[in-house]
Amino acid sequence: MTVANEPARYTGSQILLHWTIAVLIVVQLVIGEDIKPAYRAFSRGTEPAAGDIFNANIHVYVGLVVLVLAIWRIAVRLRDGVPAPPPEESVLLKRIAAATHFLLYLFIFGMPITGALAWYFSLRAMGEIHELAKPVIIVVVGLHAAAALWQHFYVKSEVLVRMLRPAGRRAP
Ligand code: HEM
Ligand code: HEM
């Protein structure tokens, strides 16, 4: 049965937000190192090269866009709800999926916030946490993506499809 806050699929805006944030996070992981020369220069009290400031600004603004989209995403989640986990899934797998999603939310909020505290307030400890999170995010996102593909190709559940095709659209 579908209850009000437990739709059969994600909505179009939830899907768009999920994939936009996913792409931006990957971009940030790839270009993350590019902010370091400017950050080091500012930390030493010297003027960074123009190119370094440009690279740093890209990282900062893409990251701040992720934060805005993450806030928007939570608002949409509270309004529209999310589909229930597949009924045939074991309790353990449901808990692992919920914990993974919680961690992913923590990252999409925590990375821009720790980055901003390091950048705007020169809080080195926040910069350290921000850097240490990089390999953790790669592992968690890797597991998350592998689980989605496993659900689709091996278990043959609706899990991946409902994050690709919005609620209200029938299969062709
Ligand atoms: C940085 C990259 C990513 C982030 C931050 C991310 C984040 C999330 C979050 C927070 C959810 C839970 C949504 C909710 O219930 O509110 C979710 C769901 C989902 N994600 Fe991702 N994701 C990423 C990449 C991927 C990739 C690469 C795939 C597929 C290969 C994927 C497939 C899915 C699917 C299928 C769901 C729905 C799970 C379900 O309905 O139980 N995600 N993602
Ligand atoms: C989606 C969000 C973000 C992700 C995934 C991300 C990712 C990264 C990565 C991978 C690095 C390089 C880490 C390393 O080389 O070990 C980095 C460095 C850094 N990022 Fe971000 N970042 C995000 C948002 C931000 C934002 C919004 C800011 C500032 C407003 C920021 C400021 C910094 C700073 C200052 C460093 C250098 C830290 C240091 O050297 O101690 N980041 N980030």
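Rules used in this analysis
- Residues numbered from 1 in each chain as written.
- Chains lettered and ligands numbered in written order.
- Predicted model: local features only at pLDDT ≥ 70, side-chain atom pairs only at ≥ 80, totals over all residues.
- Heavy atoms only, no water.
- Helix = DSSP H or I, 4+ residues; strand = E, 2+ residues; numbered from the N terminus.
- Expected span 1.5 Å × (residues − 1).
- Buried < 20%, exposed > 50% of the residue type's maximum accessible area, 1.4 Å probe, protein only.
- Contact = heavy atoms within 4.5 Å.
- Donors = N, O, S within 2.8 Å, 3.2 Å for Na, K, Ca; no water.
- Tetrahedral: all angles 85-135°; square planar, octahedral: opposite > 155°, others 65-115°.
- Axes fitted to C-alpha atoms, helices over the stretch in contact; angles between N-to-C directions.
- Parallel < 35°, antiparallel > 145°, perpendicular 65-115°, else oblique.
- Left-handed = near helix turned anticlockwise from the far one by under 90°.
- Nonpolar A, V, L, I, M, F, W, Y, C, P; charged D, E, K, R; others polar.
- Near = heavy atom within 4 Å.
- Polar contact = N/O pair within 3.5 Å; in protein donor to acceptor, adjacent residues only side chain to side chain.
- UniProt positions renumbered as here; feature names shortened; annotations may be inferred.
- pLDDT = per-residue confidence, 0-100.

*Asks:* Could you clarify how one ought to interpret helix α1 (residues 12–31) in this entry?
*Replies:* Since one α-helical turn is 3.6 residues long, residues separated by three or four positions face the same way. Across its 20 residues, α1 extends 29 Å between first and last C-alpha, which sits within 8% of the 28 Å expected from 1.5 Å per residue. Q14, I15, L17, H18, I21, L24, I25, Q28 and I31 are the residues of α1 that are buried. Contact partners of the buried residues in α1: α3 (50–80), α4 (91–121) and α5 (124–155).

*Asks:* In this structure, what is going on with the coordination of the iron atom of ligand 1? I would like to understand it.
*Replies:* Six octahedral donors around a metal ideally make angles of 90 or 180 degrees; four tetrahedral donors ideally make 109.5 degrees. At this site the iron atom of ligand 1 is bound by H18 (NE2) and H144 (NE2), with donor distances of 2.0 Å. Coordination at the iron atom of ligand 1 is octahedral, judged from the six donor atoms that bind it and the angles of 86 to 180° they form at the metal. You can see H18 sitting in helix α1 and its partner H144 sitting in helix α5, a full 126 residues away along the chain. By relative accessible area, which is 24% here, H144 ends up partly exposed.

*Asks:* I keep staring at the packing of α1 against α5 and nothing clicks. Help me out?
*Replies:* Helix-helix packing: each pair is described by the crossing angle between the helix axes and the interaxial distance. Where α1 meets α5, the closest approach of the two axes is 11 Å, and the angle between their N-to-C directions is 140°. Considering their axes alone, α1 and α5 lie oblique with respect to each other. Remark: the crossing between α1 and α5 carries left-handed chirality. Here H18, I25 and L29 of α1 come into contact with α5, specifically with K134, I137, I138 and H144. Class assignment for the residues of the contact of α1 with α5 results in four nonpolar, two polar and one charged.

*Asks:* Whenever I open this one, the packing of α1 against α3 confuses me. Can you help?
*Replies:* The geometry of α1 relative to α3 is characterised by a closest axis approach of 10 Å and an angle of 155° between their N-to-C directions. For the element pair α1 / α3, the angle class is roughly antiparallel. Where α1 crosses over α3, the two elements pack in a sense that is left-handed. When the residues that make up the contact of α1 with α3 are grouped by side-chain class, the tally is 13 nonpolar, seven polar and four charged.

*Asks:* Is there a simple way to explain the coordination of the iron atom of ligand 2 in this structure?
*Replies:* At the metal site, the iron atom of ligand 2 is ligated by H59 (NE2) and H130 (NE2), and these contacts range over 2.0 Å. Angles of 85 to 179° at the metal separate the six donor atoms of the iron atom of ligand 2, which places the site in the octahedral class. Here the residue H59 occupies a position in helix α3, and H130 occupies one in helix α5, the gap between them amounting to 71 residues. Look at H59 and you get buried, because its relative accessible area is 10%. By relative accessible area, H130 is classed as buried at 19%.

*Asks:* I keep staring at the site of ligand 1 and nothing clicks. Help me out?
*Replies:* Surveying the vicinity of ligand 1 reveals 20 residues, the closest of which are H18, R77, Y105, H144 and R162. With respect to ligand 1, the side chain of Y10 contributes an N or O atom lying 3.0 Å from an oxygen atom. Those elements that provide at least two residues to the shell around ligand 1 are α1, α3, α4 and α5. Class assignment of the residues belonging to the shell around ligand 1 gives a composition of 14 nonpolar, three polar and three charged.

*Asks:* Can you help me understand the UniProt feature "domain: Cytochrome b561 bacterial/Ni-hydrogenase" (unreviewed entry) in the chain in this one?
*Replies:* In the numbering adopted here, UniProt assigns the feature "domain: Cytochrome b561 bacterial/Ni-hydrogenase" (unreviewed entry) to residues 9–165. Each end of residues 9–165 is marked by a C-alpha atom, and these two atoms are 8 Å apart; helix forms 78% of the span and strand 0%.

*Asks:* Which parts of the structure should I look at to understand the confidence of the model for the chain?
*Replies:* A low pLDDT score tells you not to read the predicted coordinates there in detail. Here the chain averages 93 in pLDDT, while 94% of its residues score no lower than 70. α1 holds the highest mean pLDDT among the elements of the chain, 98, whereas helix α2 (residues 36–44) holds the lowest, 95.

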